[in-house]
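Here is how the chains run, residue by residue.
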Amino acid sequence: KQWYQRRVRADPTELGEYRMRKRKCFEDNIRKNRSVMVNWIKYARWEEEQQEYQRSRSVYERALDVDHRCIPIWLKYTEMEMRHKQVNHSRNLWDRAVTLLPRVSQFWYKYTYMEEMLENVAGARQVFERWMEWEPEEQSWSSYINMELRYKELDRARAIYEKFVLVHPSVKNWTKFAKFEEKHGNVTGAREVYTRAVDFFGEEYMEEALFIGFARFEEVQKEYERARCIYKYALEKLTKEQCPELFKAYSMFEKKFGDRRGIEDVIINKRRFKYETEIKHNPLDYDAWFDLLRLLEADGSIEDVRDTYERAIANIPLVASKKGWRRYIYLWINYALFEELESEDVDKTREVYKACLDIIPHKKFTFGKIWLMYAQFEIRQKNLGHARKIMGTSIGKCPKPKLFKGYIDLELQMREFDRCRKIYEKFLEFDMSNCNTWIKFAELETILGDSDRARAIFNLAIQQPLLDMPEILWKAYIDFEIEEEEHERVRALYKALLNRTKHVKVWISYGNYEATIEETDRARDIFEEADRSLQQDAQKEERVLCLEAWREFEMKHGSATTQNSIAQKMPRRVKKRRKIDVEEGGEGGWEEYWDYIFPDTEANSSNLKLLQMAKMWKKQQEESSDEDEEGEEEEEEEKEEKEETEEKEETE
């Protein structure tokens, strides 16, 4: 191709023909599709190569008539003029481009770059001013400022910054403006810029980045008090969600330049922010409320703590169960204790207790601790009548054992024993199966020295058809009579108890009691009776316990004869095997266990074994006779079958 071009250039006629063919080809391509700008660009570039600049301009102008919004056409056109040092043509083209397409930043950049390369700074500044009237993006303003800084025009750059922060009012741009002033040694100007930025954004549009930059600027200038005031002002005005990084910056600042108190304040603020965040995500997280309240009570104003308590108790549990309310009620308890002990506001404490009792659904469940604490608070205020009224309301509205016990303890402290009796009566009307209540009531009468009343209470208690722990009630009654040294009554109680139950511990206790009062014959008779009773009931292990207790008794109080007799009654301990019962009907295997063989039952057991063996032999004889009869029947059937087969063969 190069060889052909050199040859064509050597011959003008052939060159003309070549150019005509090429132009015809380009025109045909354009005619086919005028909107394809690549064809126009190739055509214009070819004319430029042929040094036909007027024709190239004509092609570009025709292309612009087709689509004046095509950016590559403008760029190629102006680059051609600039390559051939046609400055005025280039300037005119840039003027036309930025007039028609003022939002294309590339034209403005190229235009200003050309003017600056031509050292026409005033022209470049004029182009920038025209550009800035359209309020372009931030990078355009930065380019204008950088140009002025290249020529040391600080005042002009400052003026551009003044317009820039108003057109693009973001914290980042205000910070750039302040850093510009700081970089060029204008500390007062930088501080003024930061101050203007804080006023410009106000409290509604504050951002932590502005205050962090402002505080760090003051830190660099060694104005530590100013920096601390800025941090504190920002932490007060901004919400916790808006300033996570501000907390970190403030803590680092205090660690560098603060005292111990300042560092503690930062740590407290961090922890408070953490708890507030947890509460915001889950207002029913009472553990987070407790942590926050402990933090504020350690170092906070009374009003702030009270406001936090009010916010906490406003989050009522959604579930109507006592377990779900337990943590919530402790908020009320801590609130009441805070008002009484810290703020020393008696009226406010009383209001807290009343509000708590009003909010609890007493028909479903109640909290006895609240009632008791309220009554104790009124006693501390020397208002005994109100305290009694509170406790009476509690057992009338939602009776429970804890409230009765608390009311009784209250009256005992006041030495009001008649009132205690009445409360015990109400308590027993509420729950007559509670053995501890009967015992405590009788103990009260015993302390007051009224044994007849105590005995009557015990008699009434053991006659109840339903008791939760009758064994401790009988034991308390027996111990009471023992202390009163009423031996006949004790014996009557033991006999009455044995009529109800034949438990081995009752027999042993009865025998030991007779031994303690030196009634050895009675004790021995009781042990013998217990042994017979347990033998009849076939309770081997209980009988062994009884015999061991009897042996101990004989070792202490008996003679050699009685000791030998009891030794002969002691059983032998043998290991046996038994089949495991399985519910599903399968084979469960065998297990080993310990059994007791008593001397009085061993002889009877040998006779029983002989009878069992005789029965087994008889059963085996019957089974063998049945088998013989079945065998004879089978032989007769076989003979009959053979005879039938022989008859059939003969007939055939």
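Look a little higher up for the structure.
In this text the structure is predicted, and so the values were computed from the model without any measurement. (Residues numbered from 1 in each chain as written. Predicted model: local features only at pLDDT ≥ 70, side-chain atom pairs only at ≥ 80, totals over all residues. Heavy atoms only, no water.)

**Comments concerning the overall build of the chain**
Here's step 1: Within the chain, the regular secondary structure consists of 33 helices and two strands.
Here's step 2: Every one of the 652 residues in the chain was classed for burial, and the buried ones make up 38%.
Here's step 3: Nonlocal contacts in the chain, meaning residues at least 24 apart in sequence, comprise 45% of its contacts between residues at least 6 apart.
Here's step 4: About 40300 Å² of surface is accessible on the chain, with carbon and sulfur atoms providing 48% of the total. (Helix = DSSP H or I, 4+ residues; strand = E, 2+ residues; numbered from the N terminus. Buried < 20%, exposed > 50% of the residue type's maximum accessible area, 1.4 Å probe, protein only. Contact = heavy atoms within 4.5 Å. Areas by Shrake-Rupley, 256 points an atom, 1.4 Å probe, with all protein chains shown as cover.)

**A word on the packing of aromatic side chains**
Here's step 1: Counting across every chain of the model gives 37 aromatic pairs.
Here's step 2: Seen from their ring centres, Tyr-194 and Phe-217 are 5.6 Å apart, and the 35 degrees between their planes marks the pair as tilted. Of the two residues, Tyr-194 is situated in helix H12 (residues 187–201) and Phe-217 in helix H13 (residues 208–220); the sequence distance between them amounts to 23 residues.
Here's step 3: For Tyr-194, a relative accessible area of 2% corresponds to the buried category.
Here's step 4: Of the residues examined, Phe-217 reaches a relative accessible area of 2% and is grouped as buried.
Here's step 5: With a centroid separation of 5.7 Å and 70 degrees between ring planes, the pair formed by Trp-325 and Phe-365 is classed as edge-to-face. (Phe/Tyr/Trp six-rings, centres within 6.5 Å; stacked < 30°, edge-to-face > 60°.)

**A look at the packing of helix H4 (residues 53–66) against helix H5 (residues 71–83)**
Two quantities define a packed helix pair, namely the angle between the axes and the distance from one axis to the other.
Here's step 1: In the contact formed by H4 and H5, the axes pass within 10 Å of each other and the chain directions differ by 160 degrees. Taken together, the axes of H4 and H5 are roughly antiparallel relative to one another. Both H4 and H5 take part in a crossing whose hand is left-handed. Facing H4, whose interface residues are Ser-56, Arg-57, Tyr-60, Glu-61, Ala-63 and Leu-64, H5 presents Ile-73, Trp-74, Lys-76, Tyr-77, Met-80 and Glu-81. (Axes fitted to C-alpha atoms, helices over the stretch in contact; angles between N-to-C directions. Parallel < 35°, antiparallel > 145°, perpendicular 65-115°, else oblique. Left-handed = near helix turned anticlockwise from the far one by under 90°.)

**Section: the pattern of salt bridges**
Any two side chains of opposite charge can pair if their charged atoms end up close together.
Here's step 1: The tally for this structure, following the rule as stated, stands at 44 salt bridges.
Here's step 2: Note that Glu-48 is salt-bridged to Arg-83, the shortest N-O span being 3.0 Å. Highlighted residues: Glu-48 in helix H3 (residues 37–49) and Arg-83 in helix H5, separated in sequence by 35 residues.
Here's step 3: Note on Arg-83: relative accessible area 46%, which makes it partly exposed.
Here's step 4: Across the salt bridge formed by Asp-521 and Arg-524, the nearest N and O atoms sit 3.5 Å from each other. Of this pair, Asp-521 and Arg-524 both sit in helix H30 (residues 520–536), three residues apart, which is roughly one turn of the helix.
Here's step 5: A relative accessible area of 15% means that Arg-524 is categorised as buried.
Here's step 6: The network of salt bridges with common partners includes Asp-418, Arg-421, Glu-445, Asp-450 and Arg-453. (Salt bridge = Lys/Arg side-chain N within 4 Å of Asp/Glu carboxyl O.)

**As for helix H15 (residues 244–257)**
Here's step 1: The end-to-end C-alpha distance of H15, which contains 14 residues, comes to 21 Å, matching closely the 20 Å that a straight helix rising 1.5 Å per residue would cover.
Here's step 2: By the burial criterion, the buried members of H15 are Leu-246, Phe-247, Ala-249, Tyr-250, Ser-251, Phe-253 and Glu-254. (Expected span 1.5 Å × (residues − 1).)

**Section: the packing of helix H6 (residues 87–100) against helix H7 (residues 105–117)**
Here's step 1: Remark: H6 packs on H7, axes separated minimally by 10 Å, with the N-to-C direction vectors making an angle of 150 degrees. By the angle between their directions, the pair H6 and H7 is classed as roughly antiparallel. In the crossing of H6 with H7, the sense of the turn from one axis to the other is left-handed. Together, Ser-90, Arg-91, Trp-94, Asp-95, Ala-97 and Val-98 of H6 and Phe-107, Trp-108, Lys-110, Tyr-111, Met-114 and Glu-115 of H7 make up the contact between the two elements.
Here's step 2: Considering only residue class, the contact of H6 with H7 consists of seven nonpolar, one polar and four charged. (Nonpolar A, V, L, I, M, F, W, Y, C, P; charged D, E, K, R; others polar.)

**Some thoughts on unusual backbone geometry**
Here's step 1: Of note in this structure, Glu-344 is not a glycine but carries a positive phi near 55 degrees.
Here's step 2: Here Glu-344 shows up in the loop between helix H19 (322–342) and helix H20 (346–359).
Here's step 3: With relative accessibility at 63%, the residue Glu-344 sits in the exposed group.

**Some details on the nonpolar core**
Here's step 1: Core analysis: the biggest nonpolar cluster contains 96 residues, and Tyr-328, Ile-329, Leu-331 and Leu-473 have the highest contact counts within it.
Here's step 2: Looking at this core element by element, the count peaks at nine residues for H19.
Here's step 3: Setting aside residues no more than four positions away along its own chain, Leu-331 makes contact with Tyr-286, Trp-289, Phe-290, Leu-293, Tyr-309, Ala-312 and Ile-313.
Here's step 4: Grouped together as the second largest cluster of nonpolar side chains are 75 residues, Cys-70, Met-132, Phe-211 and Phe-247 included. (Core = buried A, V, L, I, M, F, W, Y, C linked by side-chain atoms within 4.5 Å.)

**Looking at the side chain of Asn-315**
Here's step 1: The residue Asn-315 is located in the loop between helix H18 (302–313) and H19 in this model.
Here's step 2: Residue classification places Asn-315 among the buried residues on the basis of a relative accessible area of 18%.
Here's step 3: Among the polar contacts listed, one links the side chain of Asn-315 to the backbone oxygen of Arg-311, at a separation of 3.0 Å. (Polar contact = N/O pair within 3.5 Å; in protein donor to acceptor, adjacent residues only side chain to side chain.)

**Some thoughts on the environment of Tyr-43**
Here's step 1: As for its placement among the helices and strands, Tyr-43 is situated in helix H3.
Here's step 2: Classification of Tyr-43 as buried rests on a relative accessible area of 4%.
Here's step 3: The sequence separation of Tyr-43 and Phe-26 amounts to 17 residues, and the corresponding C-alpha distance is 6.1 Å.
Here's step 4: Excluding its chain neighbours within four sequence positions, the residues that come into contact with Tyr-43 are Arg-23, Phe-26, Glu-27, Ile-30, Val-59 and Arg-62.

**Quick word on helix H25 (residues 435–447)**
Here's step 1: The terminal C-alpha atoms of H25, which comprises 13 residues, lie 18 Å apart, in line with the 18 Å expected from a rise of 1.5 Å per residue.
Here's step 2: Taken residue by residue, H25 has Cys-435, Thr-437, Trp-438, Ile-439, Phe-441, Ala-442, Leu-444 and Glu-445 as its buried positions.
Here's step 3: Those residues of H25 that are buried are in contact with helix H23 (401–413), helix H24 (417–430), helix H26 (451–462) and helix H27 (470–483).
Here's step 4: The residue sitting at the N-terminus of H25 and contributing the capping side-chain oxygen is Asn-434; that oxygen lies 3.2 Å from the backbone nitrogen of Asn-436.
Here's step 5: Among the residues trailing H25, Gly-449 stands out with phi positive, at a value near 85 degrees.

**Describing the environment of Lys-402**
Here's step 1: By the secondary structure assignment, Lys-402 is in helix H23.
Here's step 2: Classification of Lys-402 by relative accessible area gives partly exposed; the value is 41%.
Here's step 3: If near-sequence neighbours (up to four positions away) are discounted, Lys-402 is found in contact with Lys-369 and Leu-372.

**Concerning the side chain of Ser-533**
Here's step 1: The residue Ser-533 is located in helix H30 in this model.
Here's step 2: On the basis of relative accessible area, Ser-533 is assigned to the buried category, the value being 12%.
Here's step 3: Those residues in contact with Ser-533, other than ones at most four positions away along the chain, are Lys-502 and Trp-507.

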